[in-house]
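# Survey of secondary and tertiary structure
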Amino acid sequence: MKVIIVGGGNVGLASAKSAVAGNDVHLIEKDAAAADLAKNTLAVSILKADASNPNVLRDAIDRIQPDILLSAVKDDGINIFICSNAKRIDSRIRTIACIRDPDFINDQGYEGVDVLISPDTISSEKMIKISLMENAVNYEELHIGDYCLVTYKIERGHDIVGRTVMSMTLPEDCTIVSIYRGERTITLVNTAEIHADDRIVVLCTWEGAKKFNKFIGIKKEAKEFVILGAGSQGLTIAKSICDESGKNFVKILDDDVQRCREASKHLKNAIVVNGNIVDPKFLDSENLDRADAIISVTNIDERNLLACMTALRFHIRKIVSRYSIEEYEGIFKYAGIESVVGYHKIISNEITKNLRSTSIASIYVMENPGDYFMSFILDDFSPMVGHLYGDLVIPEGVNLCAIVKDDTAVFPNMLTRFNKGDKVLLYIHDVEPLRLTGLLGKNCPEYTR
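Small disclaimer: the values here were computed from a predicted structure and weren't measured. Per chain, the residues get numbers from 1 upward, laid out in the order the sequence is written. For a predicted model such as this one, the threshold for reporting local features is a pLDDT of at least 70, and the threshold for listing and counting side-chain atom pairs is 80 or more; totals across whole chains, interfaces and linings nevertheless cover every residue. Working from all heavy atoms in the structure, the side-chain values ignore hydrogens and water.

This brings us to the pairing of strand β20 (residues 398–405). Accessibility here uses a 1.4 Å probe with only protein chains present; expressed as a share of the type maximum, an area under 20% marks a residue as buried, one over 50% as exposed, and anything in between as partly exposed. Helix and strand definitions here come from DSSP, where helices need a minimum of 4 consecutive H or I residues and strands a minimum of 2 consecutive E residues; each element is numbered from the N-terminal end. The element β20 is largely enclosed, with a buried count of 7 among its 8 residues. When DSSP finds at least two bridges between two strands, those strands are taken to pair. Bridging between β20 and strand β22 (residues 423–429) involves 6 bridges; their strand directions are antiparallel. Each bridged residue has a counterpart across the sheet, and for Leu400 the counterpart in β22 is Leu426. Pairing geometry for β20 and strand β21 (residues 408–410), over 3 bridges, is antiparallel. Note on β21: the bridge partner recorded for Val404 is Ala409. The loop that links β20 with its antiparallel partner β21 comprises 2 residues; one of these, Asp406, has a positive phi angle of about 55°.

Let us now look at the sheet that holds strand β7 (residues 136–144). Here we have 5 strands laid out as an open sheet, ordered β7-β8-β11-β9-β10, and antiparallel in their pairing. Both edges of this open sheet fall to β7 and β10 (184–186), since each of them pairs with a single strand only. On average, each strand axis in the sheet is tilted by 20° relative to the strand beside it, whichever way the strands run. Note: strand β9 (residues 174–181) against β10, 3 bridges, orientation antiparallel. Bridged to Ile179 within β10 is Ile186. Note on definitions: a residue-residue contact is assigned when non-hydrogen atoms from the two residues lie within 4.5 Å. Lines are fitted to the C-alpha atoms to define the axes, a helix being fitted only along its stretch in contact, and any angle between axes, read from their N-to-C directions, falls within 0 to 180 degrees. Sheet strands in contact with helix α6 (residues 206–216) are β7, β8 (147–153), β9 and β11 (199–205), and its direction is about 140° off that of β11.

The topology assignment puts Asn248 in the loop between α7 (232–243) and β13 (249–254). Note on Asn248: relative accessible area 11%, which makes it buried. Taking C-alpha positions, Asn248 is 8.2 Å from Ala222, a pair spaced 26 residues apart along the chain. Not counting chain neighbours up to four residues away, the residues in contact with Asn248 comprise Leu132, Ala222, Lys223, Phe225 and Ile241.

Bringing the side chain of Asn399 into the picture now. Its place among the elements puts Asn399 in strand β20. On the accessibility criterion, Asn399 (12% relative accessible area) is buried. In this structure Asn399 touches Ile176, Val177, Thr187, Val189, Leu425, Leu426 and Tyr427, once residues within four positions along its chain are discounted.

Now the structure itself:
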């Protein structure tokens, strides 16, 4: 597949990195330094030019004949303009616009834009869900009915420590798809015993996720939330948490006086305080140690990191942060911040979803390297069609989690039969490519090889 990506910033580079596997990728970037960085980083074709110039865009489209064009420059309006122009030049092109300002998202969409991707909107939703469940450290919306993937951290004293998965009666609409134990991924989960410090990945509905959170055991119910950063993302998160039942106490802190004034106008049920969010004395004066969850969403990765490290000194049980530069993920994790939400994984999941083949419904990049969660629609070329679950030879590292019919997941047993049109949900960890192809057929995706 031929792909044009416009913009070589963080979002554009993350998009190109995700799209380069199995595709012919061309990056258009007008800034020479950014273009050179992309050229030295990725195996993509580089055009140093301004794609908002209709003549430049037309020449690129005529020469490359792309199947997909993704625009990821910093200006949302220009992204929409570029996609609309591309559609006028060649109506067959699938256009994707990356949007930073949530106000640009609307139900009607925009003429000439097939897909709108808003990393801020997606990351806000993830952080809200993580914050509201005491034991959750990660969350992924699957867009398959109401199903999602939630990662829970197991601590000493939790109710399920020492029990095997097969001995537990899980809440309705929940199944464990993998267990992270240090750097190891366990996909043979039924016989696994739950240890303290395990991270359990659960496929569930949102209601099931809340039930599983209670099933693990809640040491202290989360009621008090402190948000660091009063930008648009901080306001979105604060409003959502305030609207949750249970009379949650929400405080939002920011060092910019004007942002605090604007936040006060929009947040009627939250306290807004102006002060330096990386100053331990200020945080101590705001009784940060009483918070059940800290959510850091400033626009600067370094400030988020410093704020989170300061919050660690107050022994806050849950700290959630955003970051925009891929390399910061490891720094946050090394510092002890488990719940971090980064643009590069959001973009990777969105790009792979939009570059899929007709039979691959979606692919999600998971926490451990080499791990994927994918949904796969069985077609005439699928070796699984017509076979019982008990008759399949499932490679090591593959967990066949569920079959989806009419947006309802069925957790398979030995007598479950696979039929054409079924949507199969798989968790894949470090699988030998030929074995995976033997299970999935010729539609086995490039991303997992």
